[in-house]
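# Summary of the model geometry
If you want the building blocks of each chain, they are given just below.
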Amino acid sequence: MPRKLALITGASSGIGETFARKLAARGYALLLVARREDRLQRLASELPDAEALAADLSTSSGISKVENAIASSPGLELLVNNAGFGTLGRFWQAPLAGQQQMLDVHITAIMRLTHAALRGMTERGRGAVISVSSVAGFNQSAGNVMYCSSKAWINSFTLGLDLELRGLNSPVRVQALCPGFTVTEFHDTLGVNPNLIPRWLWMTADDVVEDSLRGLDRGDVIVVPGWKYKAIVAGMRFLPMSALRRIQKLRRDRRV
Ligand SMILES: NC(=O)c1ccc[n+]([C@@H]2O[C@H](COP(=O)([O-])OP(=O)(O)OC[C@H]3O[C@@H](n4cnc5c(N)ncnc54)[C@H](OP(=O)(O)O)[C@@H]3O)[C@@H](O)[C@H]2O)c1
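Bear in mind that the values here come from a model prediction, so they are computed numbers and not experimental data. (Residues numbered from 1 in each chain as written. Predicted model: local features only at pLDDT ≥ 70, side-chain atom pairs only at ≥ 80, totals over all residues.)

## With respect to unusual backbone geometry
One non-glycine residue, N169, lies in positive phi territory at about 55°. Residue position: N169 is located in the loop between α5 (145-167) and β6 (173-177). (Helix = DSSP H or I, 4+ residues; strand = E, 2+ residues; numbered from the N terminus.)

Have a look at this one:
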């Protein structure tokens, strides 16, 4: 029986690193993917059974490297599509290269890695894929167009896969994890001062990942960690579109 393996993208910091520590505690062997190999190696050395795989998921060759690792891992039980980042500025004013990279990491990489993983998982009749989305996937905001729309794609993609899997009575599960503001390196990398965001909105990566893994045990397809964000998302989903658009327009000029 091959060892039970989890592959985590974006494992060099934040939510991905937290997934690595919590999954190691649940007895998973780990394959840790990101660009910063030194960080991955350091984390791997702290965990009982972990390996680093350096790959840039904004490139086709980087994605191929991880696809190959998935294809040669018969014990793969969990894929965590977590790598991601934000950009600043109005869509047409921000450099196109950054928007394209976001599309490649948030959409192309997730599509290709999930395709590679589900082939084996559905044949073996076991396994799961968690894709880290965001509460932003339920919303639109000026200055954040590609981020919100790429995260909305993750939610829709995951809900569609869930229909296909449940339609076949497959035990394989998929989850879109939709956190709100989480204390990680995300906002530093983006160049946004985290102090501008009200304190009560922040969650820890530990709480976010704990909710995700509890949701996985229950088979939840959309997981929004924290009661405050559950209430915000419920409001966004059930408000009439006209009311939501009025609220979004109030925020517009503060973001860009
Ligand atoms: N923090 C929040 O408030 C928040 C809220 C909602 C959703 N999220 C989502 O949570 C996920 C994890 O972000 P985080 O908050 O943990 O931020 P983080 O600490 O900045 O981690 C981002 C991870 O993604 C990896 N990554 C970025 N670009 C990559 C690329 N081209 N190829 C491979 N790996 C890449 C980074 O590794 P390298 O730089 O080493 O490649 C890093 O490990 C993202 O999908 C983000 O959109 C975050």
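## Some words on the sheet that holds strand β2 (residues 29-34)
Taken in spatial order, the seven strands line up as β3-β2-β1-β4-β5-β6-β9 in an open sheet, and their pairing is parallel. For this open sheet the edge positions go to β3 (50-54) and β9 (222-223), each flanked by a neighbour on one side alone. Where β6 meets β9, two bridges bridge the pair, whose relative direction is parallel. Residue pairing across strands places A176 opposite I222, the latter belonging to β9. Contacting β4 (76-81) and β5 (128-132), helix α4 (residues 96-124) crosses the sheet at an angle of about 170° to β4. Packed on one face of the sheet, α5 meets β5, β6 and β9 and runs near 160° to β6. (Pairing = 2+ DSSP bridges. Contact = placed C-beta atoms within 7 Å. Axes fitted to C-alpha atoms, helices over the stretch in contact; angles between N-to-C directions.)

## Considerations on the environment of V174
Position of V174 relative to the elements: it lies in strand β6. Residues V174 and V223, 49 residues apart in the sequence, show an inter-C-alpha distance of 11 Å. With residues near it in sequence (within four places) discarded, V174 still touches A128, V129, T158, L161, D162, L165 and V221.

## Regarding the packing of helix α1 (residues 14-25) against helix α7 (residues 205-218)
At a minimum axis distance of 9 Å, the contact between α1 and α7 shows a crossing angle of 60°. Between α1 and α7, the crossing angle belongs to the class labelled oblique. The element α1 and its partner α7 pack so that their crossing is right-handed. Residues G14, I15, T18, F19 and K22 of α1 form the contact with α7, whose own contacting residues are A205, D206, V208, V209 and L213. Per-class residue counts for the contact of α1 with α7 are six nonpolar, two polar and two charged. (Parallel < 35°, antiparallel > 145°, perpendicular 65-115°, else oblique. Left-handed = near helix turned anticlockwise from the far one by under 90°. Nonpolar A, V, L, I, M, F, W, Y, C, P; charged D, E, K, R; others polar.)

## Some thoughts on the pairing of β6
Counted residue by residue, β6 has five buried out of five residues, so it is predominantly covered. With burial as the criterion, each face of β6 is covered, one bearing R173, Q175 and L177 and the other bearing V174 and A176. Looking at chain direction, β5 and β6 are connected through five bridges and run parallel. Residue S131 lies in a different strand from β6, and its bridge partner there is A176. Each parallel crossover has a hand, and the one from β5 via α5 to β6 is right-handed. (Buried ≥ 20, exposed ≤ 12 C-beta atoms within 10 Å, placed from the backbone. Right-handed = clockwise from strand over helix to strand, strands pointing away.)

## Some remarks on the site of the ligand
Within the structure, the ligand sits among 29 residues, and G10, G14, R35, R36 and G84 are positioned closest to it. Where the shell around the ligand is concerned, the elements lending two or more residues are α1 and α6 (186-190). Here the element with the most residues in the shell around the ligand is α1; it accounts for three residues. Class assignment for the residues of the shell around the ligand results in eleven nonpolar, 13 polar and five charged. (Near = placed C-beta within 6 Å.)

## Looking at the pairing of β3
Bridge analysis of β2 against β3 gives five bridges, and the strand direction is parallel. Each residue of the ladder has a partner; that of L31, found in β3, is E51.

## Describing α1
Taking 1.5 Å per residue as the helical rise, α1 with its twelve residues ought to reach 16 Å, and the 17 Å between its terminal C-alpha atoms agrees with that figure. Every buried residue belonging to α1 is among G14, I15, G16, E17, T18, F19, A20 and L23, and all of these are buried. G27, located one to two residues past α1, shows a positive phi value of around 90°. (Expected span 1.5 Å × (residues − 1).)

## A closer look at the packing of helix α3 (residues 60-71) against α4
Where α3 meets α4, the closest approach of the two axes is 9 Å, and the angle between their N-to-C directions is 15°. Taken together, α3 and α4 sit at an angle that is classed as roughly parallel. Of the two elements, α3 crosses α4, and the hand of that crossing is right-handed. Counting all contacts with α3, which are made through I63, V66, E67, I70 and A71, the residues of α4 involved are T108, A109, R112, L113, A116 and A117. Taken together, the residues of the contact of α3 with α4 break down into eight nonpolar, one polar and two charged.

So, to be careful, I would describe these as geometric facts and stop short of saying anything about function.
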